[in-house]
Amino acid sequence: MKLDLFRSLWGHAEQRDRACREARAAGFTGIEARLPQTSAERHALRTLLAGEDLAYIAILFTGGGVLPDQGLTPAEHLRDLDRQLDQSAELEPRFVNVLAGNDRWSTAQQLDFLGQAQEIARRGGHLCSFETHRARCLATPWVTLEIARQLPELLFTTDISHWVVGCERLLDDPTDDLADFISRVHHIQARVGYDQGPQVPHPAAPEYARELAFHQRHWEAVWRSQRERGYPVTTLTPEFGPDGYTFRLPFTGMPIADLWDLNRWMADTQREHFLRFLHHA
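Numbering of residues begins from 1 in every chain and follows the order in which that chain's sequence is written. Whole-chain, interface and lining totals are the exception, using all residues; otherwise, since this is a predicted model, local features are given only for residues with pLDDT of at least 70 and side-chain atom pairs are given and counted only at 80 or more. Just so you know, side-chain values use all the structure's heavy atoms and leave hydrogens and water out.

Undergrad: Any details on the overall build of the protein? Residues and values, ideally.
TA: Along its length, the protein carries 9 helices and 8 strands. Here the C-alpha coordinates of the protein stretch approximately 50 × 45 × 45 Å along the principal axes. Looking at the protein residue by residue over its 281 residues, the buried ones come to 54%. Contacts were defined at the residue level, with two residues in contact if any of their heavy atoms lie within 4.5 Å. Counting contacts in the protein only where the partners sit at least 6 residues apart, residues at least 24 apart contribute 78% of the total. Entry remark: accessible area of the protein is about 12,600 Å², with carbon and sulfur atoms responsible for 51%. A gap of 3 Å separates the mean positions of the 30 positive and 39 negative side-chain charges of the protein. Only DSSP runs of H or I with at least four residues qualify as helices, and only runs of E with at least two residues qualify as strands; both kinds are numbered from the N terminus onward. Buried means the residue's accessible area, taken with a 1.4 Å probe over protein chains only, is under 20% of the maximum for its type, while exposed means over 50%, and partly exposed covers the values in between. Computed with a 1.4 Å probe, the accessible areas rest on the Shrake-Rupley method; for each residue, only the protein chains presented here act as cover. Two residue types count as positive, namely Lys and Arg, and two as negative, namely Asp and Glu; His and chain ends fall outside the count. Where a charge lies is defined by one atom per residue type: Lys uses NZ, Arg uses CZ, Asp uses CG and Glu uses CD.

Undergrad: Summarise helix α1 (residues 16-25); cite the residues concerned and give the values.
TA: All of the buried residues in α1 are A19, C20 and A23. In an axial view of α1, the angular spread of the buried residues amounts to 100°, which keeps them on one side of the axis. Exposed side chains of α1 directed beyond 90 degrees from the buried face belong to R18 and A25. Considering only its buried residues, α1 is in contact with β1 (2-8), β2 (30-34), α2 (39-52) and α9 (259-280). One or two positions beyond α1, positive phi appears at G27, with a value near 85°. In this description, the arc belongs to the directions extending from the helix axis to the C-beta atoms.

Undergrad: Talk me through the pairing of strand β5 (residues 128-131); I want residue IDs and the actual numbers.
TA: Covered by surrounding structure in β5 are C128 and F130 together with S129 and E131, the residues of both alternating faces. The pairing criterion for strands is at least two bridges between them, as found by DSSP. Here 3 bridges tie strand β4 (residues 95-99) to β5, and the two strands are oriented parallel to one another. Looking at the pairing, N97 lines up with S129 of β5. Note on handedness: a crossover is taken as right-handed if, strands pointing away from the viewer, the path from the first strand over the helix to the second is clockwise. As for the winding sense of the linkage, the β-α-β connection from β4 through helix α4 (residues 107-124) to β5 is right-handed. Where β5 meets strand β6 (residues 156-158), 2 bridges bridge the pair, whose relative direction is parallel. Each bridged residue has a counterpart across the sheet, and for E131 the counterpart in β6 is T157. Handedness of the crossover is the feature at issue here: the chain leaves β5, passes through helix α5 (residues 141-150), returns alongside β6, and the resulting connection is right-handed.

Undergrad: Which residues make up the packing of helix α6 (residues 160-167) against helix α8 (residues 209-228), and what values do they have?
TA: Packing of α6 against α8 leaves a shortest axis separation of 11 Å and a crossing angle of 130°. One finds that α6 runs oblique with respect to α8. Where α6 crosses over α8, the two elements pack in a sense that is right-handed. Note on element contacts: α8 touches α6 through F214, H215 and H218, opposite I160, S161 and V164. Ten residue types, Ala, Val, Leu, Ile, Met, Phe, Trp, Tyr, Cys and Pro, are classed as nonpolar, four, Asp, Glu, Lys and Arg, as charged, and the remainder, Gly among them, as polar. Residue classes in the contact of α6 with α8 are distributed as 3 nonpolar, 3 polar and no charged. For helices, the axis comes from a line fit to the C-alpha atoms of the stretch in contact; other axes are also lines fit to C-alpha atoms, and the angle between any two N-to-C directions lies between 0 and 180 degrees. Should an angle fall under 35 degrees it is called roughly parallel, over 145 degrees roughly antiparallel, and 65 to 115 degrees roughly perpendicular, with every other angle called oblique. Helix crossings get a hand from a simple test, with the near helix turned counterclockwise from the far one by less than a right angle marking a left-handed crossing and a clockwise turn marking a right-handed one.

Undergrad: Pulling in residues and values, what's your account of unusual backbone geometry?
TA: Trans peptide bonds make up most of the peptide bonds, and negative phi angles are found at most residues other than glycine. Unlike most non-glycine residues, D53 shows phi in positive territory, near 55°. Tracing the chain through its elements places D53 in the loop between α2 and β3 (55-61). A positive phi is found at L138, a non-glycine position, where the angle reads about 70°. On the secondary structure map, L138 appears in the loop between β5 and α5.

Undergrad: Quick one: what's the story with the pattern of salt bridges, residue by residue and with numbers?
TA: Close approach of charged atoms allows side chains of opposite charge to pair. Salt bridges, as used here, are contacts in which a Lys or Arg side-chain nitrogen is within 4 Å of a carboxyl oxygen on Asp or Glu. Inspection of the entire model under this criterion finds 16 salt bridges. Taking the shortest distance from any N to any O, the salt bridge between R42 and E90 comes out at 2.9 Å. With R42 in helix α2 and E90 in the loop between α3 (74-88) and β4, the pair connects residues that are 48 residues apart, well separated along the chain. A relative accessible area of 33% means that E90 is categorised as partly exposed. The residue D172 makes a salt bridge to R210 at a minimum N-O spacing of 3.2 Å. Placement of D172 in the loop between α6 and α7 (179-182) and of R210 in helix α8 is noted, with a sequence separation of 38 residues between them.

Undergrad: Tell me about the packing of aromatic side chains, residues and numbers included.
TA: By convention, a stacked pair of Phe, Tyr or Trp rings (six-membered ring in the case of Trp) has centres within 6.5 Å and planes under 30 degrees apart, an edge-to-face pair has planes over 60 apart, and any other such pair is tilted. Counted by the stated rule, this structure contains 9 aromatic pairs. A centroid spacing of 4.8 Å and a plane angle of 50° characterise the contact between W163 and F181, whose relative ring orientation is tilted. Of this pair, W163 sits in helix α6 while F181 sits in helix α7, and the two are 18 residues apart along the sequence. Residue classification places W163 among the buried positions, given a relative accessible area of 0%. Judged by relative accessible area, which is 0%, F181 ranks as buried.

Undergrad: Give a detailed account of the nonpolar core, specifying residues and quantitative values.
TA: By nonpolar core we mean a set of buried residues, namely Ala, Val, Leu, Ile, Met, Phe, Trp, Tyr and Cys, connected to one another through side-chain atoms within 4.5 Å. Ranked by size, the top nonpolar core spans 74 residues in total, and within it I31, Y56, L85, L114, F130 and I147 carry the most contacts. It is α9 that contributes the most residues to this core, 7 residues altogether. Among residues more than four places away in sequence, those in contact with L114 are A100, F130, C137, L138, I147, L151 and L154.

Following this line, the structure appears as structure tokens:
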């Protein structure tokens, strides 16, 4: 099994060309970014990726942006998903990462919605991985575990930092058995969260060593499961981001760390971690 690293374009939308060049120079396989909403923008991104020889993971949001429109129904989310999946095919992504639905829906509604979403993807020939994210379906580990048990073919993107802040603790109690979820994870988004936020100030800081170790144990459990499932390649996107995630100084608003430095540090650290995993495996 080999590790393919993808660079997130979150926070770099205005310097997309430069970000892609930096990704290639830093040894990334591709980029992970939101699906452009116009045909011209999709064509431009496809041309850029081809020129830099970079693969692409598409990100779709159903029913709005990161926060869904609260008035939209599951049926409207499904129509939005179907439309965007057709558009994503123009870019030939390796797979599509979907932030789907609404966390206000009941477990039964989420099950029905995700089952239909899976069928839409299957009919269109799209490989979809559904992300754990606050404000969306899969916002909590407990609902997600039930969905994993009842929809055994659904694939997941794990961003466990959202669960850490949502549950206000590291999920390392002996009763926190996430095996049914881990056995279906397709993709890793690597950001280190803590009990009061989805992103530590810097993952290398010794005061957050326990949080880093917890997240790395989770990612290694995913690698172990994927190896058992016969995955020849595992994908990981370091995803430290802006928008209230990167700490800023009061009054001046200056970020206390550089976003690209944070994600390069995570990429380098996870390359080394993966090699250790392979060695011990």
